[in-house]
Amino acid sequence: MVLDNTPSPERQAALMSALVTEHSVLQAAASATVSEAASRTSLYVFSLSSSLVAMGFVSQFPETFRLFAAAILPALFVLGLFTIVRLVDTGIENQHLLRGIARIRAYYRTLTPEAAAYFSADGGRWPEAHAVPLFSSGVAFLTTAASMIAFINSIVAGTGVTLLASSLFGGDQIHLAVDLGVAATVVLMAVFLA
């Protein structure tokens, strides 16, 4: 079947209807990615804070505390890894959706002379608006939800390493245990950033 490329009022109306529908679908999907990221971040932070409160209660009993920490810290770390991976995924998906919206807005600008003012790139959001960022892209990368959870999760892992090393080496080697925990935290954060 050969498509007739001559623009007709019916074809133009169908195109506009399709573009408006696609724009709405992209906007809804972009909103869903932001909502999912917020939910996952909240779930991780809620799990972490609940676990810390429980650890506080259990800390009155040293042997029970070690067993509880040995069970809960690895579980929190794994939950954190899953959260980080999904936050990165939803962030990339959101950027893809915003690019689709920008392409449609670029077409809207060509419809009439007045449309250029209503759908100007300067009035849009990223990736259309080429505004100078308040901070560098490096700072923007470090302040994402995924980076925040990765930082917290690295501290959770470092704490687990410190507690494990303290149990293995005894209380007289606490400086070594803390140094190992700090090193684990720094290495894990560097791995995430890489």
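Before reading on, note that the structure itself is shown above.
The numbering scheme is per chain: residues are counted from 1 as the chain's sequence reads. With pLDDT at 70 or above as the cut-off, local features in this predicted model cover only qualifying residues; side-chain atom pairs require 80 or more to be listed or tallied, and sums for whole chains, interfaces and linings still use all residues. Water and hydrogen atoms were dropped before computing side-chain values, which therefore reflect all heavy atoms in the structure.

Enquirer: Just checking my understanding: could you explain the overall build of the protein chain for this structure?
Expert: By definition, any uninterrupted DSSP run of H or I lasting at least four residues is a helix, any uninterrupted run of E lasting at least two residues is a strand, and each is numbered from the N terminus. In terms of regular secondary structure, the protein chain is built from 6 helices and 0 strands. Element order for the protein chain, N to C, with α for helix and β for strand: α-α-α-α-α-α. Using a 1.4 Å probe on the protein chains alone, a residue whose accessible area is under 20% of its type maximum counts as buried, one over 50% counts as exposed, and one in between counts as partly exposed. For the protein chain, the residues scored as buried account for 27% of the 194 residues in total. Contacts in the protein chain between residues far apart in sequence, at least 24 positions, make up 70% of those at least 6 positions apart. Surface accessibility follows the Shrake-Rupley procedure with a 1.4 Å probe radius. Residue values consider only the protein chains on display as shielding. Accessible area of the protein chain: about 12500 Å², with a carbon and sulfur share of 71%. Any two residues whose heavy atoms approach within 4.5 Å are treated as being in contact.

Enquirer: Would you mind showing me how to read the packing of aromatic side chains here?
Expert: For any pair of aromatic rings, the description consists of the separation of the ring centres together with the inter-plane angle of the planes. For this analysis, a ring pair means two rings from Phe, Tyr or Trp (six-membered ring only for Trp) whose centres lie within 6.5 Å, classed as stacked if their planes differ by under 30 degrees, edge-to-face if by over 60, and tilted for the remaining angles. If you walk through the whole model with that rule in mind, you get 1 aromatic pair. Consider the rings of tyrosine 108 and phenylalanine 119, whose centres lie 4.9 Å apart with planes at 55 degrees: the pair is tilted. In this pair, tyrosine 108 is assigned in helix α2 (residues 62-109) and phenylalanine 119 in the loop between α3 (113-118) and α4 (137-142), connecting sequence segments 11 residues apart. Using a relative accessible area of 6% as the deciding quantity, one classes tyrosine 108 as buried.

Enquirer: Where do I start with the side chain of threonine 90 in this structure?
Expert: Locating threonine 90 in the fold gives a position in helix α2. Residue threonine 90 is classed as buried on the basis of its relative accessible area, which comes to 3%. In contact with threonine 90, not counting residues within four places along its chain, are Thr33, Glu36 and Ala37.

Enquirer: Explanation requested: a nonpolar patch on the surface in the structure shown.
Expert: A cluster of nonpolar side chains, contributed by Val161, Leu164, Leu168, Phe169, Leu176 and Leu180, occupies part of the molecular surface with about 520 Å² of accessible area. Listed by contribution, the elements that provide at least two residues to the nonpolar patch are α5 (145-169) and α6 (174-193). Per element, the largest residue contribution to the nonpolar patch is 4 residues, and it comes from α5. Within the fold, valine 161 resides in helix α5. Only residues whose relative accessible area exceeds 30% and that form no salt bridge enter a patch; like-charged residues are grouped when within 9 Å of one another, and nonpolar side chains (Val, Leu, Ile, Met, Phe, Trp, Tyr) when within 5 Å. A side-chain nitrogen of Lys or Arg and a carboxyl oxygen of Asp or Glu constitute a salt bridge if their distance falls within 4 Å.

Enquirer: Is there a simple way to think about α6 in this case?
Expert: The α-helix winds at 3.6 residues per turn, so residues separated by three or four positions along the chain end up facing the same way. The span one expects for a helix is its residue count, reduced by one, times 1.5 Å. Across its 20 residues, α6 extends 29 Å between first and last C-alpha, which sits within 8% of the 28 Å expected from 1.5 Å per residue. Every buried residue of α6 is listed here: Ala177, Gly181, Ala184, Thr185, Met189 and Phe192. Burial along α6 is one-sided: seen end-on, the buried residues are contained in an arc of 125 degrees. Seen from the buried face of α6, the exposed residues on the opposite side, beyond 90 degrees, are His175, Asp179, Val186 and Val191. What the arc describes is the spread of directions from the helix axis to the C-beta atoms.

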